[in-house]
Amino acid sequence: MKVASLILGIATLGLAAWASAHAEGSPAVDPIASSQVQLQWNVRIPMRDNVQLSAIAYLPKPRTAPAPCVFTLTPYTAQTYHDRGVYFAAHGYPFLSIDVRGRGNSDGEFQPLIQEAHDGHDVVEWLAKQPYCNGKVAMWGGSYSGYNQWATAKELPPHLATIVPAAAPYAGLDFPSRNNISTPYDVQWLTYTSGRAAQDRIFGDASFWIALQRRWYEAGLSLRDFDTWAGNPSAIFQKWLSHPHPDAHWDRYNPSAADYAKLQLPVLTITGSYDANQPGALMHYREHMKHASAEARAAHYLVIGPWDHSGTRTPKAEFGGLTLGAASLLDLPQLHLDWYAWTMRQGAKPSFLKKNVAYYVMGADQWRYADSLDAVTAERRPYYLASNGAASDVFSSGMLTAASRGRPDQYRYDPRDTSTAALQSVPAPELTDQRLIHARNGKQLIYHTEPFATPTEISGFFKLTAWLAIDQPDTDFAVSVYEVASDGGSVLLSTDLMRARYRESFRAPKLIESRAPLRYDFDRFTFVSRRIRAGSRLRLVIAPLDSIYWEKNHNSGGEVAAETRADARTVTVQLYHDRAHPSALYVPIGQPQTSSDAFVSWAQPKAIALQGFAGAEAERVGDIVGSARMVSLGEPAHGAHEPLEFRNRLFQFLIEERGFTAIALESGFNEAWRVNEFMLGGTGDPAQIARDGLTWGFGAFTENVQLLRWIRQYNAEPGRRRKVKFYGIDLTGGDADSTFATARRALDDALSYLARVNREPSAQARAAVESFLERFTLAGYKSLSADEQVRLRTSIESLVSLLESQRRRLVAASSEDQYEWALRSAIVARQLETLFRLSPANVADGVVAEFHRAAAARDAAMADNALWALRQEGAGGRVLLFAHNAHIMNGRLRGGLWNVYPEAPAMMGQHLRSALGDDLVIIGASSSSNGPGLATTEAEAGTLDAALANLGLPHFMLDLRGAPHTEIPWLSQPQSLRANYTTEMEVSPREAFDAVVYFKKLHGAGDALPE
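Residues numbered from 1 in each chain as written. Predicted model: local features only at pLDDT ≥ 70, side-chain atom pairs only at ≥ 80, totals over all residues. Heavy atoms only, no water.

Focus: the overall build of the protein
Consideration 1: Assigned secondary structure in the protein consists of 35 helices and 35 strands.
Consideration 2: A buried classification covers 61% of the 1011 residues belonging to the protein.
Consideration 3: The long-range share in the protein, meaning contacts at least 24 apart out of those at least 6 apart in sequence, stands at 76%.
Consideration 4: Here the protein has roughly 36900 Å² of accessible surface; of this, 50% comes from carbon and sulfur atoms.
Consideration 5: With 99 positive and 108 negative side-chain charges, the protein shows a separation of 2 Å between the mean positions of the two kinds. (Helix = DSSP H or I, 4+ residues; strand = E, 2+ residues; numbered from the N terminus. Buried < 20%, exposed > 50% of the residue type's maximum accessible area, 1.4 Å probe, protein only. Contact = heavy atoms within 4.5 Å. Areas by Shrake-Rupley, 256 points an atom, 1.4 Å probe, with all protein chains shown as cover. Lys, Arg positive; Asp, Glu negative; His and termini not counted. Charge placed at Lys NZ, Arg CZ, Asp CG, Glu CD.)

Brief notes about the sheet that holds strand β28 (residues 662–668)
Consideration 1: Read across the sheet, eight strands follow the order β26-β32-β35-β31-β27-β30-β28-β29 without closing on themselves; strand pairing throughout is mixed. The outermost strands of the open sheet, each flanked by one partner alone, are β26 (608–609) and β29 (725–730).
Consideration 2: This element, helix α21 (residues 641–658), spans β27 (630–635), β28, β30 (879–884), β32 (955–959) and β35 (995–1002) of the sheet and lies at about 170° to β30. (Pairing = 2+ DSSP bridges. Axes fitted to C-alpha atoms, helices over the stretch in contact; angles between N-to-C directions.)

Considering the domain arrangement of the protein
By a widely used convention, the size of an interface equals the accessible area lost when the partners come together.
Consideration 1: Examined at the domain level, the protein breaks down into domain 1 (29–136), domain 2 (182–250), domain 3 (377–590), domain 4 (598–660 + 851–999) and domain 5 (739–842).
Consideration 2: Relative placement of domain 2 and domain 3: their C-alpha centres are 27 Å apart.
Consideration 3: Across the contact, 21 residues belong to domain 2 and 24 residues belong to domain 3.
Consideration 4: Summing the contributions of domain 2 and of domain 3, the shared interface buries around 1800 Å²; its carbon and sulfur component is 53%.
Consideration 5: The interface formed by domain 2 and domain 3 holds one salt bridge in total.
Consideration 6: Measuring nitrogen to oxygen at the nearest pair gives 2.7 Å for the salt bridge that ties Glu559 to Arg224.
Consideration 7: Across the contact surface, domain 2 and domain 3 share ten residue pairs in polar contact (both at pLDDT 80 or more).
Consideration 8: Looking at which element gives the most residues to the side of domain 2 that touches domain 3, the answer is helix α9 (residues 206–219), with seven residues. (Domains from an automatic or database assignment. Buried area = accessible area lost by both parts, 1.4 Å probe. Salt bridge = Lys/Arg side-chain N within 4 Å of Asp/Glu carboxyl O. Polar contact = N/O pair within 3.5 Å; in protein donor to acceptor, adjacent residues only side chain to side chain.)

Topic: the UniProt feature "domain: Xaa-Pro dipeptidyl-peptidase C-terminal" (unreviewed entry) in the protein
Consideration 1: UniProt's entry tags residues 337–586 with the feature "domain: Xaa-Pro dipeptidyl-peptidase C-terminal" (unreviewed entry), counted in the numbering of this structure.
Consideration 2: With 7% helix and 37% strand, residues 337–586 has end C-alpha atoms that lie 39 Å from one another. (UniProt positions renumbered as here; feature names shortened; annotations may be inferred.)

Digging into the nonpolar core
Consideration 1: Ranked by internal contacts, the top residues of the largest apolar core, which has 307 residues, are Val303 and Phe599.
Consideration 2: Here this core takes twelve residues from helix α30 (residues 816–838), the largest share from any one element.
Consideration 3: Sequence-distant contacts of Phe599, defined by excluding residues within four places in its chain, comprise Ala947, Leu948, Leu951, Leu958, Leu960, Ile968, Trp970 and Leu971.
Consideration 4: Formed by 13 residues, the second largest nonpolar core is a distinct cluster that contains Leu282, Tyr359, Ala364 and Leu373. (Core = buried A, V, L, I, M, F, W, Y, C linked by side-chain atoms within 4.5 Å.)

A short note on the pairing of strand β5 (residues 133–139)
Consideration 1: In terms of burial, β5 is largely enclosed, as five of its seven residues are buried.
Consideration 2: Taken together, the four bridges between strand β3 (residues 67–74) and β5 define a ladder with parallel strand orientation. Within the sheet, the bridge partner assigned to Phe71 lies in β5 and is Met139.
Consideration 3: For β5 and strand β6 (residues 160–162), the ladder comprises two bridges, and the chain directions are parallel. Looking at the pairing, Ala138 lines up with Thr162 of β6.
Consideration 4: Handedness of the β-α-β unit built from β5, helix α6 (residues 144–153) and β6 comes out right-handed. (Right-handed = clockwise from strand over helix to strand, strands pointing away.)

Digging into the pattern of salt bridges
Consideration 1: Overall, the coordinates contain 45 salt bridges when judged by the stated rule.
Consideration 2: Residue Glu218 is joined to Arg214 by a salt bridge in which the shortest nitrogen-to-oxygen separation is 3.2 Å. A residue pair is termed a helical-turn pair when its members lie 3 or 4 positions apart in one helix, as Glu218 and Arg214 do in helix α9 at four residues.
Consideration 3: A relative accessible area of 28% means that Arg214 is categorised as partly exposed.
Consideration 4: Look at the salt bridges and you will find they share partners, linking Asp49, Arg101 and Asp119 into a network.

Focus: the side chain of Thr449
Consideration 1: As for its placement among the helices and strands, Thr449 is situated in the loop between β16 (445–448) and β17 (456–460).
Consideration 2: With relative accessibility at 2%, the residue Thr449 sits in the buried group.
Consideration 3: Non-local contacts of Thr449, meaning those with residues more than four positions away in its chain, are made with Tyr383, Leu400, Arg537 and Leu538.

Quick look at the sheet that holds strand β1 (residues 37–46)
Consideration 1: In spatial order, the strands read β1-β2-β4-β3-β5-β6; together these six strands make up an open sheet with mixed pairing. If you trace the sheet from one side to the other, it starts and ends with β1 and β6, each paired once. The sheet shows a mean angle of 30° between the axes of neighbouring strands, taken without regard to direction.
Consideration 2: In terms of strand pairing, β1 meets strand β2 (residues 52–60) through eight bridges, oriented antiparallel.

Some points on the packing of helix α20 (residues 615–625) against α21
Consideration 1: Direction vectors running N to C along α20 and α21 enclose 80°, while the axes themselves pass 11 Å from each other. Our classification of the angle between α20 and α21 gives roughly perpendicular. Residues Ala618, Glu619, Val621, Gly622, Asp623 and Val625 of α20 form the contact with α21, whose participating residues are Leu650, Phe653, Leu654 and Arg658. (Parallel < 35°, antiparallel > 145°, perpendicular 65-115°, else oblique.)

Considerations on unusual backbone geometry
Consideration 1: In this model, Lys61 is joined to Pro62 through a cis peptide bond whose omega is 0°.
Consideration 2: The topology assignment puts Pro62 in the loop between β2 and β3.
Consideration 3: Between Phe175 and the following residue, Pro176, the backbone shows a cis peptide bond with an omega angle of 5°.
Consideration 4: Here Pro176 lies in the loop between β6 and α7 (185–192).
Consideration 5: Residues other than glycine seldom take positive phi values, yet Asn42 does so here, at roughly 55°.
Consideration 6: By the secondary structure assignment, Asn42 is in strand β1.
Consideration 7: On the basis of relative accessible area, Asn42 is assigned to the partly exposed category, the value being 25%.

Comments concerning the pairing of β27
Successive residues of a regular strand alternate their side chains across the two faces of the sheet.
Consideration 1: With respect to burial, β27 is a largely interior element, six of its six residues being buried.
Consideration 2: Alternating residues of β27 divide into Met630, Ser632 and Gly634 and Val631, Leu633 and Glu635, and every residue in both groups is buried.
Consideration 3: As paired elements, β27 and strand β31 (residues 920–930) share four bridges and run parallel to each other. Bridge pairing in β31 places Ser632 opposite Ile922.
Consideration 4: Pairing geometry for β27 and β30, over six bridges, is parallel. Residue pairing for β30: Glu635 is matched across the bridge by His884.

Regarding the side chain of His448
Consideration 1: Structurally, His448 can be placed in strand β16.
Consideration 2: The class for His448 is buried, based on a relative accessible area of 10%.
Consideration 3: For His448, the side chain forms a polar contact with the side chain of Arg539, separated by 2.8 Å.
Consideration 4: Setting aside chain neighbours within four positions, we find His448 in contact with Val394, Ser397, Gly398, Met399, Leu400, Leu538 and Arg539.

Focus: α21
Consideration 1: Here α21 contains 18 residues, and its C-alpha end-to-end distance of 25 Å stays within 8% of the 26 Å for a straight helix at 1.5 Å per residue.
Consideration 2: Turning to α21, its buried residues are Glu642, Pro643, Leu644, Phe646, Arg647, Asn648, Leu650, Phe651, Phe653, Leu654 and Ile655.
Consideration 3: Of the residues flanking the end of α21, it is Gly659, one or two places downstream, whose phi is positive at about 75°. (Expected span 1.5 Å × (residues − 1).)

Observations concerning the packing of helix α28 (residues 786–805) against α30
Consideration 1: With their axes 9 Å apart at the nearest point, α28 and α30 run at an angle of 160° to one another. One way to sum up the angle between α28 and α30 is to call them roughly antiparallel. Two packed elements cross with a definite hand, and for α28 against α30 that hand is left-handed. Along the contact surface, α28 presents Gln789, Arg793, Ile796, Glu797, Leu799, Val800, Leu803 and Glu804, while α30 presents Tyr819, Ala822, Leu823, Ala826, Ile827, Ala829, Arg830, Glu833 and Arg837.
Consideration 2: Considering only residue class, the contact of α28 with α30 consists of ten nonpolar, one polar and six charged. (Left-handed = near helix turned anticlockwise from the far one by under 90°. Nonpolar A, V, L, I, M, F, W, Y, C, P; charged D, E, K, R; others polar.)

Observations concerning the packing of aromatic side chains
Consideration 1: Counted under the stated rule, the structure contains 47 aromatic pairs.
Consideration 2: Ring centres 4.9 Å apart and planes at 15° place the aromatic pair Tyr76 and Tyr192 in the stacked group. Remark: Tyr192 occurs in helix α7 and Tyr76 occurs in the loop between β3 and α4 (82–90); sequence separation between them is 116 residues. Across this residue pair, the class does not change: Tyr76 and Tyr192 are buried.
Consideration 3: Measuring from ring centre to ring centre gives 4.3 Å for Tyr192 and Phe203, while their planes differ by 20°; the resulting arrangement is stacked. (Phe/Tyr/Trp six-rings, centres within 6.5 Å; stacked < 30°, edge-to-face > 60°.)

Okay, here's the thing in C-alpha cells:
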C-alpha cells in the first residue's frame, strides 16, 4: 500500500495486521517457548444467540494452578497471532486467538465492528469458567483488536480484569473515514475480510491497489463506484458511505459517556505519533478521562511511541524515511506481561510507567513522562501567517512570525487536474519525501518560521486558525506541518483534514454560502513529540486534498461520495492574514527539561543497547575501552547473576578481540595461585577449584565457575602463544565473617618459597614469625600484646627486606615468576598486618565508624596488588579487573551505611587512576530493582540508578566522558547509587566512572556448590 496515505491519516486496520503477521520484523516463535505450550485448535465458544466462535488456545505446559487468561478477537483469522499466543502461554498466561463472528472458522455473518461488543462480553464470561482460568480475563491486540477491547469493556463483563487497546479506532472518527472524508482503502480492507478465508495476498499486494486507485482517480469516477471498480461490490461499503458524518448510526459503535463513566478496570492505551488510528485511540482515552471516576482515571495509562500503526505492536527503528534511537524499540510484549502481572497477579507496577502518560521525543530519542496528556505541553505558542502576497512556492513562501500582515494569499484547485497521479503512485519514504510539495508549487500555500536558535521540543497538538474565503459551496483542505532542517531535508510532524461543510460542526454539515473570509479552526492535528534542531524551521502547508488515496470532493456541494468529474468546479481559495483576520499556527511547546531530562536526552542516543553482545554492539563497547591497559568493571552487589554473566561475555570479547592478557578479581591473592595453575593447564574439578581459590564465598557462584572453565578452554587451544593469567588482588584469607581465618597462607607461601631455594635465611625468617602463624587472623592479632604486635610487624618487614635484598640470587635459583609471587606474598602479609592493626575489635558487627582506616588500607593494598599484576604482564600486557563498585570507583567511599565513617576512605579506583591516568577505564554498574529472593529495594527518584532507568532500556552501557558539563551539572555532583541490595553509596558519576553498565533487574547468582 502507498503509505503516503497513512500520513494523511488513513485507518490502516487490516494492513497493519497483515504486516505484523507477514512482514519482516515480525516476532519469531522461540523454539524453547514452543516446547512449553500446548495448542488446542478450533475450540468452540458459544455466544448468547447460539452462534459458535472458533479459537486457537495456547495453554502453558505443564499446567499447574489456574491462571489469568488473555484473548484477542480478530477478523484476520486466528492463526495470524500464533507468535503472540506462544509468547504469552510460555510466560504463564493461557492465550486464545479467536476468529470473530463470520470470519475464519467461526459461525455467523461478519458485520464489522458492531458485532464485537456482545461477542466480546460472552467470550470473557465463557473463558472465566474454563479450568485453566482463575476467573481473571484480559484482552490483547491493536487496530481492530484494539477497538473490540473498548467495545467489550462497555458491556461490563464481570470477569474482565483489564484491557490494553493499541491503535484502537473510534468508529466514525478515524475509521472508515477521517474527519468525515472517506477513502477507497475501505474496499481494500473489506476485500481482506470478505468471506471466511484470509485474503492476505490480495490485500497485501500494494502495487495492485495503487494502480487500481490511480486508474479510478484518473477516470474521474465517484467513490460509490469504487467497490464495483475493484471487483468486490460491497453492501457494507455502500452503507458506510450513506453515513458520511457522525450520527446515531456511528454512535452505536462506541462507548457512550455513561459507558465510560461506569468503567472501573485498569486500562493501558498504546498509540504512536504516526499511527493512523491515533485519533481514535486518543478519543477513547479523552472520553474515558472526561467521564470516568477519579479512581478509574488514575488507573488509565497512556503510551505514545514514535511508531506507525503496526509499530504499536512491533516497533521498528526505521520506517517512512525515519531512523529512531534504540530507546524507541520498547519491548511491548514485556510491557504487556508486566501490566498483566500488576493488574491480575498483584505484581509490581511496570517500571516503564513512571507517570500516567509516557511519550517518546523524537530527535532527542528519549522517553518523557507527564501526569496527563494536556500536561505534556507547556504552552501553545502562536506563529502568525504573513506574506508579501505570494506564498504558493517552497522557495517563495509566506512567513510564520510574530504578527499577521500582508495581502491575502490564494491558490486555485481544479478537481479535473490529475497531473500528480503518476508521482503519487511511486513508492517513497513517506515521512521525508518532498517531491509532491515541489510538484504542487502554485497550487498550495506554504509558510516558514525563522530558523530556531536553540533546540526546541515540540510536544502535543498543533492548531491552525485560518481565515479562508472560497468561491464554491464546498472543498477539502489538507494541512501539514514539517520540520525543515538547515540542509533542506524535512520530516512530517502532523496533519489535519477538513471538509468545508463541516467548518462549524462535524455532525452537522453546512455548505458555504459566503465568499467573505470565514474562520476555520483546524484542531484535529495528530499528536507529535519531536525535538526541533537548532537551525531548523517549521513549514506549514495548506493544500487541497487531492489524492489517489482519498475521496475526491468536486466542490459542487452535492453528495461527495456520488460526485464524478462531471460535477467538478474549480475553487479559488484565499487565505487572509491581516489585523482583522489573524490567521495563526499554534505550536505545542514541550515542558522544559530538568537536568535529569537533559541527561536522558543526551544519553539515549549514545547508550549501547546490550542484547546478544555481538557484532556492532560489542565493537562499540570495545571502543569505550580503547587502548587502556587496565579495565575495572564494577558490580552493584555481590552475588547477582546479571553483572557476573555480563562480565563473562565482556571479558571473553576483550580477550579474544582486543588482546587482554589477564583477569584479576576481588578475591584473595594467595588463593588465586591455585586458580591460575588450573587456568594454565593444571588438573582438578573447576567447581572445587573455584570453591578453594575464590574467597569471600565467591566460588559458590556458577557464573564464576563458567568463567574459569572458559579461560582454561581458551588457554588450551592449539597454538595459543600467550595464555591468560588469573590474579586475586584482595587480601588473603577473606571470608564471610571477616575473620581472615586463613590469612597465614600469605606468610606460608613466602616462607615455603625460601625453604625451597635458600634454606638458611628461610629458617631464620620462619623462626621470627613461627609463634605468630597460628594467630595470624584478625581475632588472633587482637589477642596479641602491643609488644607482640610490634615483633610480628618487624618480622614481616624483615621477611620482605630479605626477599628484596636477595632478588638476583633467588631468581637465579628459581624463576622470575616464582620469586615475584613469593615477594608479593610477603607484601600481602604486610598488608594484612596493617589491616589487622587498623581494624576495630568489633569489625564482625558490620560497618562501624572505627573501620574507616582499615577500609582505606584494604583498598590501597588492592590497588597495589592490581598494579603489580599489570607489571607482571609486561610489555603488551592488559588486565581486566572485576570488583564491587565501591572499590573500582575513582573517589572516596561515602553514603548509606558508610556515612558512619568520620573520614571517607580513598578507594582502589582513586589509587589506580592516580597511577595509570587514561590507561585505566572504569566501568561502574547500576540496577534499579531486584528479583525474587533478593531484598526488594527499588531505585528511588533522584538517584543515579533512577536516572539511568529513565532511558527506558533494560540493559545498556553508556560512556560518560562526553557528557556536557553545563547541561548536566549533576553528573559532577554527589549522587546515590544502590549498593549491596539494601543500602546506597554516594558517587560523583563523571569522576567515579568513565562509563556505566545498567541492569534493569538483578537476580541471585547461580549456586555451583555440590550438595
